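Coordinate inspection notes
Here's the letter readout for the chains.
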Number of protein chains: 2
Amino acid sequence: MKSIAILGFGVVGCGVAEVIEMNKERIAKRLGEELRVKKILDIHEFPDSPFANLVTTEKEEVFDDPEISIVVETIGGARIAYEYTKQALSVGKTVVTSNKELVSTHGVELMKIAHDHNCNYIFEASVGGGIPIIRPLHRCLAANKIERIVGIVNGTTNYILTQMAENGSDFETALKEAQAKGYAENNPSADVDGIDAQRKIAILSTIALDGAYVDPTKLFTVGITSITTKDMEYAKEMNASIKLLAVFENGDEGSFVYVAPHLVSKEHPLAVANDVFNAIMVTGNALGDAMFYGQGAGKLATASAVVGDIMDAAEHQSRNAHIAEWYESETPVLKPIEEHRISVLLRLPDSVSDDQIEKAFPEISCQPCVYEAEGEKAVILGKDGDLNEAKLAIGLENFENVLNVIRIF
Amino acid sequence: MKSIAILGFGVVGCGVAEVIEMNKERIAKRLGEELRVKKILDIHEFPDSPFANLVTTEKEEVFDDPEISIVVETIGGARIAYEYTKQALSVGKTVVTSNKELVSTHGVELMKIAHDHNCNYIFEASVGGGIPIIRPLHRCLAANKIERIVGIVNGTTNYILTQMAENGSDFETALKEAQAKGYAENNPSADVDGIDAQRKIAILSTIALDGAYVDPTKLFTVGITSITTKDMEYAKEMNASIKLLAVFENGDEGSFVYVAPHLVSKEHPLAVANDVFNAIMVTGNALGDAMFYGQGAGKLATASAVVGDIMDAAEHQSRNAHIAEWYESETPVLKPIEEHRISVLLRLPDSVSDDQIEKAFPEISCQPCVYEAEGEKAVILGKDGDLNEAKLAIGLENFENVLNVIRIF
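Residues numbered from 1 in each chain as written. Chains lettered and ligands numbered in written order. Predicted model: local features only at pLDDT ≥ 70, side-chain atom pairs only at ≥ 80, totals over all residues. Heavy atoms only, no water.

Residue-level contacts link 48 residues of chain B with 48 residues of chain A. Together chain B and chain A conceal approximately 4200 Å² of surface at their shared face, both sides included; 55% is due to carbon and sulfur atoms. Of all residues in chain B, the largest losses of buried area upon contact with chain A belong to B:Arg26, B:Arg30 and B:Arg139, amounting jointly to 16% of the total for that side. At the boundary of chain B with chain A, the tally comes to 6 salt bridges. Of the charged contacts in the structure, one is a salt bridge between A:Glu315 and B:Arg139, with a shortest N-O distance of 3.5 Å. Going through the elements one at a time, helix H1 (11-22), helix H2 (24-31), helix H6 (134-140), helix H10 (195-208), strand S12 (288-295) and helix H12 (299-315) of chain B are the ones with two or more residues in the side of chain B that touches chain A. Looking at the side of chain B that touches chain A, the element that brings in the most residues is H12(B), giving 8 residues. In terms of residue class, the side of chain B that touches chain A is built from 26 nonpolar, 10 polar and 12 charged. Bridging between strand S12 (residues 288-295) of chain A and S12(B) involves 5 bridges; their strand directions are antiparallel. When the bridges of S12(B) are listed, A:Tyr293 appears paired with B:Met291. (Contact = heavy atoms within 4.5 Å. Buried area = accessible area lost by both parts, 1.4 Å probe. Salt bridge = Lys/Arg side-chain N within 4 Å of Asp/Glu carboxyl O. Helix = DSSP H or I, 4+ residues; strand = E, 2+ residues; numbered from the N terminus. Nonpolar A, V, L, I, M, F, W, Y, C, P; charged D, E, K, R; others polar. Pairing = 2+ DSSP bridges.)

Structure follows, in structure tokens:
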């Protein structure tokens, strides 16, 4: 019998208990022993839960129990979760989590503690929910230099953008609908401002860089709050979708890692991900492109990845080798986003003349868009010129009223 | 230094040596030691290859060398590859392969030998080329009952079908083009008759069943040779693509496992896989749907998966736990395909009356297709009725000239 504890009995924590119960025979057959939830640590009571009798508010019942060798952290956030994770790892208990905030913020330290105490800190579920991505990236693509990762990694924003595209609703309306359906929080900032995506791409980038830590708070990040119904009109006419992309581009002297809305051709495989679905495309220098697609969130889907991690930990107890250990790199990991080149759609009032545009961006190829909304002028600034964020900004200063600028993937 | 040998220096074998050379620094950093190809066993000489001096025709130089702990089998087929794999495993050398024929035919025996000699037989590259699928299925989805796998797993047939759909070419023309481009063999039978797909779905099904062996030769298999330009017309009008699908459907009393062309809605995520690309959708009872997409073949892509396996083997030498061991199940693993229910498009000459159809399939719901080619009658037989292959066959006997029957996914 293998005993585990769950810290935090919210949606995912509860899902973990459910998945273990639902598939207990299969899990036992696979592990050669039963997997049981021995304790659930939470400050709330859950009288209606079939697991009510396991709930405790005393953390010592988890940390001091030598039978519990694996701890699931589904508290979320980086405060209590951080303290408890440190405490668990410090007494040699492997911690499995879906907490992208904690992993992306304190991963270096937590993996070091795990290493020093011959246990593991593992987090397949922190990116892509139930979609296998971290282990495939680290293990199956081990023989590749990872050249690029482009992902739709936030289901909430993808749902909102899909609603805007399909129903013509504006951002606020689509957000309200997402909230009504439980896809968005009351305070939606972490999703719509791109913070969640930022954390996820920071985790994937660090893994792609064999552990050289990418700090999420350092990443250039644009959310979706400025996307309008007009932008959606352009997307439609360009046979594209607007997607919030989290991007990692590996370069010889540092990588570009950022989050921003992009126009993505409907012909591109990533465009397959609509509604709350996620899709992550990984490019390896030997493999070429591979894409991972599925439900990026949801109780049982995310829990399925957590329980997969628990089983891996149970099968390989005290083998400290799930992923390359993270470290603070001495050389800069990130390239300044100002140097990043990408085509953009630039929407301007039609009072602007071609001449003005040419003068504003003298070194950038500039072509008309296939579509221009009434009263507007739309141009596509090429990436082959000397386009960079700084110059674009300078160029944009020459215009009184830029309607929007959207990157083109 | 970790030394390996490559058996068979064809496309994939050569790719393996290239990937190891191309990414040697990254691989060394990851493994903590250099990975080197010490010997290449082949009956040919390769005077122009940078690896020419490693080539030998003497198998003892591989099998008797204690330094070589991992052997790559890229010979293909199930004769010499079989003998050499047995020999390597019998002296405790882990064997890594992309050989789906050998894995699907002799996997049970070879894994047993590996187990008895404390080494491994691993084959991530045998399905999906470079796309991670076997490890994610076994490891990341460990907490799931795998309910279904539906895959486009053969790039050659997918290329041919894509050409037929996009250019209106007939099967023979598209096949010739595939051959000219090197996507199809001179003898294309293994691809176009579905044998390759049959082997791959047998491997995936066995893994999904935790090792209960699925014999590929027992699988109901239809290739793509009977797909016509007329069928493509129907697909287009139905907003669908014709795809050769390899299917695993897990049931309580056995599973349906088969290969056949299907009409797949263009709205379905699987439809994203065109040309030589593969896509495999896996449904877990906790996870829901997840899809893996990428290049299913190709020298470096496939080699990248082989080298990933080599690295995994090098890091976990003598841990015999890559996948659950395969075994011959005492209870039947496969359900008779005659019991399988699925909607089909039935194309008949327009001389057939509605009345005749109704009499032929009295218990099956039957509705007209959105499109009928000139001189034809097209109906969709529903899956909710008592449709099964046998009845369908009986029904079909009532008609002189069935133009085609295609499953609808």
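Applying the stated rule across the entire model yields 42 salt bridges over all chains. Two residues, A:Arg36 and A:Glu67, come together in a salt bridge whose shortest N-O distance is 3.0 Å. One end of the pair, A:Arg36, is in strand S2 (residues 35-41); the other, A:Glu67, is in the loop between helix H3 (60-63) and strand S4 (68-73), and 31 residues separate them in sequence. Taking the shortest distance from any N to any O, the salt bridge between A:Asp215 and A:Lys218 comes out at 3.2 Å. Given the relative accessible area of 56%, A:Lys218 is considered exposed. Through salt bridges with shared partners, a single ionic network connects A:Glu124, A:Arg135, A:Asp309, A:Asp312, A:Glu315 and B:Arg139. (Buried < 20%, exposed > 50% of the residue type's maximum accessible area, 1.4 Å probe, protein only.)

Here we take up the packing of H2(B) against H12(B). All names here are of chain B. It is at 10 Å that the axes of H2 and H12 come closest, and there the two elements cross at 25°. Here H2 is positioned roughly parallel relative to H12, judged by the angle of their axes. Remark: the crossing between H2 and H12 carries right-handed chirality. Along its contact with H2, which presents Ile-27, Arg-30 and Leu-31, the element H12 presents Val-307, Met-311, Ala-314 and Glu-315. (Axes fitted to C-alpha atoms, helices over the stretch in contact; angles between N-to-C directions. Parallel < 35°, antiparallel > 145°, perpendicular 65-115°, else oblique. Left-handed = near helix turned anticlockwise from the far one by under 90°.)

What follows covers the sheet that holds strand S5 (residues 94-97) of chain A. Residues and elements named next belong to chain A. Judged by pairing direction, the sheet is parallel, and its 6 strands sit side by side in the order S3-S2-S1-S4-S5-S6 without closing on themselves. Since the sheet does not close on itself, it has two edges, and those belong to strand S3 (55-56) and strand S6 (121-122), each with one partner. Here S5 runs beside S6; their pairing, made up of 2 bridges, is parallel. Paired with Val-96 across the two strands is Ile-122, which belongs to S6.

In this section: the packing of aromatic side chains. For the structure on display, the rule yields 19 aromatic pairs over all chains. A centroid spacing of 5.0 Å and a plane angle of 80° characterise the contact between A:Phe9 and A:Phe46, whose relative ring orientation is edge-to-face. With A:Phe9 in the loop between strand S1 (2-7) and helix H1 (11-22) and A:Phe46 in the loop between S2 and S3, this residue pair connects regions lying 37 residues apart in the sequence. On the numbers, 5.1 Å between centres and 75° between planes, the contact of B:Tyr234 with B:Tyr371 is edge-to-face. Of this pair, B:Tyr234 sits in helix H11 (residues 229-237) while B:Tyr371 sits in the loop between strand S14 (366-368) and strand S15 (376-381), and the two are 137 residues apart along the sequence. A single burial state applies to B:Tyr234 and to B:Tyr371, both of which are buried. One aromatic cluster is present, formed by A:Tyr121, A:Phe123, A:Tyr213 and A:Trp326 through successive ring pairs. (Phe/Tyr/Trp six-rings, centres within 6.5 Å; stacked < 30°, edge-to-face > 60°.)

Now for helix H5 (residues 100-116) of chain A. Residues and elements named next belong to chain A. Over its 17 residues, H5 runs 22 Å from end to end, which matches the ideal 24 Å to within 8%, given 1.5 Å per residue. Approximately 85° is the largest bend angle found in H5, and it occurs at His-106. Turning to H5, its buried residues number three or more, namely Leu-102, Val-103, Ser-104, Gly-107, Val-108, Leu-110, Met-111, Ile-113 and Ala-114. Contacts from the buried residues of H5 go to S4, helix H4 (80-90), S5, S6 and helix H10 (195-208). Where H5 begins, one side-chain oxygen reaches toward the backbone nitrogen of Glu-101, 3.2 Å away; that side chain belongs to Asn-99. The first or second residue beyond H5 is Asn-118, which carries a positive phi of 55°. (Expected span 1.5 Å × (residues − 1). Bend = angle between axes of the 7 residues up to and from the residue. Polar contact = N/O pair within 3.5 Å; in protein donor to acceptor, adjacent residues only side chain to side chain.)

Okay, the environment of A:Glu372 next. All names here are of chain A. Among the structural elements, Glu-372 can be located in the loop between strand S14 (366-368) and strand S15 (376-381). Among the residues examined, Glu-372 registers a relative accessible area of 39% and is labelled partly exposed. Each residue touching Glu-372, except ones within four places of it in the same chain, is listed here: Tyr-234, Lys-377 and Ala-378.

Attention now goes to the pairing of S15(B). Residue and element names in this part refer to chain B. With 6 of 6 residues buried, S15 is to be regarded as a mostly interior element. Where S14 lies against S15, 3 bridges are found, and the strand directions are antiparallel. Looking across to S15, one finds that Pro-368 is bridged to Val-379.

For the rest of this paragraph, the subject is the side chain of A:Gln163. Inspection of the secondary structure puts A:Gln163 in helix H7 (residues 155-167). Leave out the neighbours within four places in its chain, and A:Gln163 touches A:Gly168, A:Ser169, A:Ala174, A:Glu177 and A:Asp275.

Attention shifts here to the sheet that holds strand S1 (residues 2-7) of chain B. Residues and elements named next belong to chain B. With parallel pairing, 6 strands are arranged side by side in an open sheet as S3-S2-S1-S4-S5-S6. Of all the strands in the sheet, the pair left with one neighbour each is strand S3 (55-56) and strand S6 (121-122). For strand S4 (residues 68-73) and strand S5 (residues 94-97), the ladder comprises 4 bridges, and the chain directions are parallel. Its bridge partner lying in S5, Glu-73 is registered against Thr-97.

A word on the relation of the copies chain B and chain A. Here chain B sits on chain A after a turn of 180° about the axis and a move of 0.0 Å along it, with an RMSD of 0.0 Å. The relationship between the two copies is best expressed as a two-fold rotation axis. Residue B:Phe292, judged by its C-alpha, is the member of chain B lying nearest the rotation axis, at 2.5 Å. Most of the interface of chain B is mirrored in chain A, where 100% of its interface residues are also at the interface. (Least-squares fit on C-alpha atoms with pLDDT ≥ 70 in both.)

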